[in-house]
Amino acid sequence: MNGTIKVKHLAKTFKKGDVKAVKDVSFEVNEGEFFAFLGPNGAGKSTVVQMLTTLINPTGGEAFVAGYDVSKNPGEVRRHIGVALQETGVDPDLTGREMIELQALIFGYQKEEAKQRSDKLLDIVQLQESSSRRIGNYSGGMRRRLDLALTLVHEPKILFLDEPTTGLDPSNRIAIWKELQRLNKENGTTIFLTTQYLEEADSLADRISIINKGLIVASGTPQELKAQIGNDLITLTFAKQEDLMKAKNALETELEMADIIIQNDRLNLYVNEGNKQLLQVVRVVDQYGLEIETTNLSSPTLDDIFLKITNEPETEGSGNDGE
Amino acid sequence: MGNNVFKDTWLITKRNIMTTLRNPFSFIPNLVISAFFLLVYEGGLSGISELPTFEGANYLAFILPVSIVSAAIGGAGGAGQGIVKDIENGFFSRLLLTPASRLAIVLGPIIAGMLQLFVQTLLILGIAYLLGLESATGFGGILFVILIAIGWGLAFAGYSAGVALRTKNAQAAQAGTFIFFPLIFLSTTFVPYELIEAQWLKVAATINPTTYIFESMRTVLIDGWHFWDLMQGVFAILIACSITITFAAVSAKKAVSRG
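Residues numbered from 1 in each chain as written. Chains lettered and ligands numbered in written order. Predicted model: local features only at pLDDT ≥ 70, side-chain atom pairs only at ≥ 80, totals over all residues. Heavy atoms only, no water.

Comments concerning the overall build of chain A
For clarity, the cut-off: A run of DSSP states H or I qualifies as a helix once it reaches four residues; a run of E qualifies as a strand once it reaches two. Both are numbered from the N-terminal end. The classification of residues rests on relative accessible area computed with a 1.4 Å probe and restricted to protein chains. Under 20% of the type maximum is buried, over 50% is exposed, and intermediate values are partly exposed. Contacts between residues were defined by any pair of non-hydrogen atoms, one from each residue, lying within 4.5 Å. Per-residue accessibility takes into account occlusion by the displayed protein chains alone, with areas from the Shrake-Rupley method and a 1.4 Å probe. Counted as positive: Lys and Arg. Counted as negative: Asp and Glu. His and the chain ends are not counted at all. Taken as the charge location is NZ of Lys, CZ of Arg, CG of Asp or CD of Glu.
The secondary structure content of chain A amounts to 11 helices and 14 strands. Summarising its shape, the C-alpha atoms of chain A cover approximately 80 × 45 × 35 Å along the three principal directions. Burial status across chain A gives 54% buried among its 323 residues. For chain A, contacts bridging at least 24 residues in sequence account for 71% of all contacts bridging at least 6. As displayed, chain A offers around 14100 Å² of accessible surface, 45% of which is attributable to carbon and sulfur atoms. Between the mean site of the 36 positive side-chain charges and the mean site of the 49 negative ones, chain A shows a separation of 5 Å.

Description of the overall build of chain B
Secondary structure summary: chain B contains 11 helices and zero strands in total. Each helix and strand of chain B, placed in order from N terminus to C terminus, yields the pattern α-α-α-α-α-α-α-α-α-α-α. Summarising its shape, the C-alpha atoms of chain B cover approximately 65 × 35 × 30 Å along the three principal directions. Here chain B holds 259 residues, and the buried ones make up 54% of them. Summarising the internal contacts of chain B: among those between residues at least 6 apart in sequence, 78% fall at separations of at least 24. Looking at chain B as shown, the accessible area adds up to about 11400 Å², and 71% of this sits on carbon and sulfur atoms. Taken together, the 14 basic and 12 acidic charged side chains of chain B have centroids lying 28 Å from each other.

Overview of the pairing of strand β6 (residues 81–84) of chain A
Looking along a regular strand, one sees side chains alternate from face to face of the sheet. All names here are of chain A. Going by this rule: DSSP calls a pair of strands paired once it identifies at least 2 bridges connecting them.
Of the two faces of β6, both are covered, the one formed by Ile81 and Val83 as well as the one formed by Gly82 and Ala84. With four bridges joining them, β6 and strand β7 (residues 158–162) adopt parallel strand pairing. When the sheet's bridge partners are listed, Gly82 is paired in β7 with Leu159.

Quick word on the pattern of salt bridges
Residues and elements named next belong to chain A. Threshold: Whenever Lys or Arg places a side-chain nitrogen within 4 Å of a carboxyl oxygen from Asp or Glu, that contact is recorded as a salt bridge.
Scanning the entire structure with this criterion turns up 17 salt bridges over all chains. Among the salt bridges present, the one from Asp119 reaches Arg97, with a minimum N-O distance of 3.0 Å. A residue pair is termed long-range when its members are at least 10 positions apart, and Asp119 in helix α4 (residues 111–124) and Arg97 in helix α3 (residues 96–106) qualify at 22 residues. Judged by its relative accessible area of 33%, Asp119 falls in the partly exposed class.

Digging into helix α6 (residues 138–167) of chain B
Residues and elements named next belong to chain B. What counts, and what does not: Expected helix span is computed as 1.5 Å times (number of residues minus one).
Between its terminal C-alpha atoms α6 stretches 44 Å, which fits the 44 Å expected from 30 residues at 1.5 Å a residue. Buried residues dominate α6, accounting for 21 of its 30 residues. At the exit of α6 stands Lys168, carrying a positive phi of roughly 50°.

Some thoughts on the interface of chain B and chain A
The test is simple: Reported buried area values correspond to the accessible surface (1.4 Å probe) lost by two parts on association, with both partners' losses combined.
The interface of chain B with chain A comprises 26 residues on the first partner and 35 residues on the second. Between chain B and chain A, a total of about 2700 Å² is buried, with carbon and sulfur atoms accounting for 52% of that surface. Linking chain B with chain A are four salt bridges, by the criterion used here.

Details of the confidence of the model for chain B
Heads up, the condition is: As a per-residue quantity, pLDDT reports the predictor's confidence and falls between 0 and 100.
Scored by pLDDT, chain B comes out at a mean of 85, with 92% of its residues at no less than 70. Per-element averaging of pLDDT across chain B places helix α7 (residues 170–176) of chain B at the bottom with 75 and helix α1 (residues 5–21) of chain B at the top with 93.

Describing helix α1 (residues 45–52) of chain A
Residue and element names in this part refer to chain A. Extensive coverage of α1 is indicated by the burial of seven of its eight residues. Buried within α1 are the following residues: Lys45, Ser46, Thr47, Val48, Val49, Met51 and Leu52. Taken from the residues just after α1, Thr54 is the one with a positive phi, measuring 75°.

Written out as structure tokens, the structure reads:
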């Protein structure tokens, strides 16, 4: 048993509607690594998570989790992973303590061990005071923390977390981040995280892969990904909305710039040596008689990379994958 | 190494019993309605027993199986409702992500439903005793009635769980329980077969397996140990169970499969 994930040409076609949710995905996650898996809604993230956690079978390729083949040895995979799906999987009629103890007993702990494990985990996720209350009375943040505790019951080597902080307020989100970092650093737990909050991946992950339309479109450390699209980001806004496209065409023609994206009412230009380029950009736009309202020079964030690679604006706070 | 099926089944059954007890309104209405049937039919229709066809039989013993079967079906229907609830709140997926036996995940709620109907049957029998029930076969006959109720409940639990696993939808599972009405009422519910006048109802009662459940219970409560009359109820249960449990198993396989 180890804490690695190896995925080779993984594919999933759903019979219903003949939907190719995942076309060809390959990647590796090392033991003790914090890996983030990003993608827009419907990209195939959740389908990959469901295959790796044995909820659905792949229709192509192979995947090994903790050293076990997910298709041939799903029982062993389940024994060695902890999973928190997008929707919390808790019984509202049980108390937090009962829920953890039940999970521990199913994982083969004896009654007394299950109680001890429950005490420890309730402390970790700070739910000790509410442990005797029914889960139906818990807030969304408390349910999320309980869900995380449930994934840790059997001390798994690998954690799969599918958008674990979606819908949480900032304080609960930071509490979960801290706990994930602690697990990763102190226990050496391998973490596979999908998220729609890119700053989450930026600050937590050692490495990131971006999936779009069922294919991996970019992989690397956050720094490597940022470097792929240039060191600087020039953002322009215009007095007239219709000037956005005119400016884009002008800059592509005159400066042979390829990395230009219109995002809502802004024009984003991904460049190197932004200071020098900014002057040229302003000059060209001016020559075409287009009225600039604001200019901004900054370093690109992971959001910018995501936007450029998937070529569609992500919608913060949007719902689950349609997968 | 796989998990122990018996241990997992016990854990999941125990949890289902806990959640049922914590939601008394999931079983109290069904119990009250069944007791209500017993009181109202006994109070309002007991005069029918004066008819020659009844040969002086106690109408309470005649109508009691209706109340028991109604409680059994309602209790067993809880199995399906429990499964749908688990699917909707994510608990079913949580169980699928553990090494728990897949069989145990499906059997747990069915067994819990069976235990629920067992208790309901005991309560209905208790009420009947308070109303003056007398069994022609004594305690043995009462045990037979309980076993028949459990068997019939198992058949209905299989059906209810199968619908729940197939549709994964609370409304659909609820709609599935409406089969309860034709099963209960298109039968020898209020009067013996010979007294049913409408030909169509006679045909329906002949086809309806509930008729044979009623008759076997009535035989043991009113007439005595008449082997072949009792066996028709047992056969009806065996046939119904083989169909509904197969339906549940096929639906369960699909629900926990990783297609």
